[in-house]
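# Commentary on secondary and tertiary structure
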Amino acid sequence: MSQRTLVLLKPDTVRRGLVGQVLSRLEAKGLALVAMELRTIDAAQADRHYAEHVERDFYPPLRDFVTSGPLVALVVEGDEAIEVVRALNGATDGRKAAPGTIRGDLSLSNRENLVHGSDSPESAEREIGLWFPHL
Ligand code: RTP
Ligand code: MG
């Protein structure tokens, strides 16, 4: 079933000059780009995006990180796109993510892990509305 999902290329991806490489992987997989924008977010947008994590101990440094510079927000579409993007991204911790995944090949960190992908149809709907309200 065709789905849309929200993807973030986090500030480390932009800082490290990996936007092209990461986008290429999504495009090569066959996912269609629906929306894409370079944006620097404030703490309020970070808190809305990570609403489920705001009270966690790991959240303050995560908030500092995601607001630390421009990121690329995009919506991609394709068959089972939510699960497909999560599989391309790999496990959260780049040190543990499998080789062949974006994080497994390009990240050595649990925080600076390059990408975000919505984790369920409900999350995708909420996050797409938050980042791209016109969609
Ligand atoms: P994301 O939301 O960024 O796509 O990552 P994810 O689904 O793989 O991981 P999630 O559980 O949603 O966590 C969101 C971000 O919080 C940081 N994190 N740190 N125990 C920890 O120190 C911890 N757990 C999560 C990660 O940066 C993760 O991307
Ligand atoms: Mg998540």
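Residues numbered from 1 in each chain as written. Chains lettered and ligands numbered in written order. Predicted model: local features only at pLDDT ≥ 70, side-chain atom pairs only at ≥ 80, totals over all residues.

### Regarding the nonpolar core
If you look at the biggest cluster of nonpolar residues, it comprises 24 residues, and the most contacted ones within it are Val-7, Leu-9, Val-76 and Val-115. Put simply, the parts of the chain that give this core at least two residues each are strand S1 (2-9), helix H2 (19-29), strand S3 (71-79), helix H5 (81-89), helix H6 (102-106) and helix H7 (121-131). A per-element tally of this core places S3 first, with 5 residues. Apart from the residues within four sequence positions on either side, Val-76 is in contact with Thr-5, Val-7, Leu-26, Leu-31, Ala-32, Leu-33, Val-34, Ala-81 and Val-85. (Core = buried A, V, L, I, M, F, W, Y, C linked by C-beta atoms within 7 Å. Buried ≥ 20, exposed ≤ 12 C-beta atoms within 10 Å, placed from the backbone. Helix = DSSP H or I, 4+ residues; strand = E, 2+ residues; numbered from the N terminus. Contact = placed C-beta atoms within 7 Å.)

### Brief notes about the sheet that holds strand S2 (residues 32-39)
The 4 strands are arranged S2-S3-S1-S4 in an open sheet whose pairing can be described as antiparallel. Two strands bound the open sheet, and with one partner strand each, they are S2 and strand S4 (115-117). The mean angle between the axes of side-by-side strands here comes to 20 degrees, regardless of whether they run parallel or antiparallel. As paired elements, S1 and S4 share 3 bridges and run antiparallel to each other. (Pairing = 2+ DSSP bridges. Axes fitted to C-alpha atoms, helices over the stretch in contact; angles between N-to-C directions.)

### Notes on unusual backbone geometry
Even without being a glycine, Glu-80 presents a positive backbone phi close to 55 degrees. One can find Glu-80 in the loop between S3 and H5. Positive phi values are uncommon outside glycine, yet Leu-114 reaches one of about 75 degrees.

### Considerations on the UniProt feature "active site" (unreviewed entry) in the chain
Mapped onto this structure's residue numbering, the UniProt feature "active site" (unreviewed entry) falls at His-116. Relative to the elements of secondary structure, His-116 occurs in strand S4. The residues contacting His-116, other than those within four sequence positions of it, are Val-7, Leu-8 and Lys-10. (UniProt positions renumbered as here; feature names shortened; annotations may be inferred.)

### A few points about the UniProt feature "binding site: ATP" (unreviewed entry) in the chain
Taking the numbering used here, the UniProt-annotated feature "binding site: ATP" (unreviewed entry) corresponds to Lys-10, Phe-58, Arg-86, Thr-92, Arg-103 and Asn-113. In this structure, Arg-86 sits in helix H5. Other than its neighbours up to four places away in sequence, Arg-86 contacts Gly-117 and Asp-119. When residues no more than four places from it in sequence are discounted, the contact partners of Thr-92 are Asn-110 and Asn-113.

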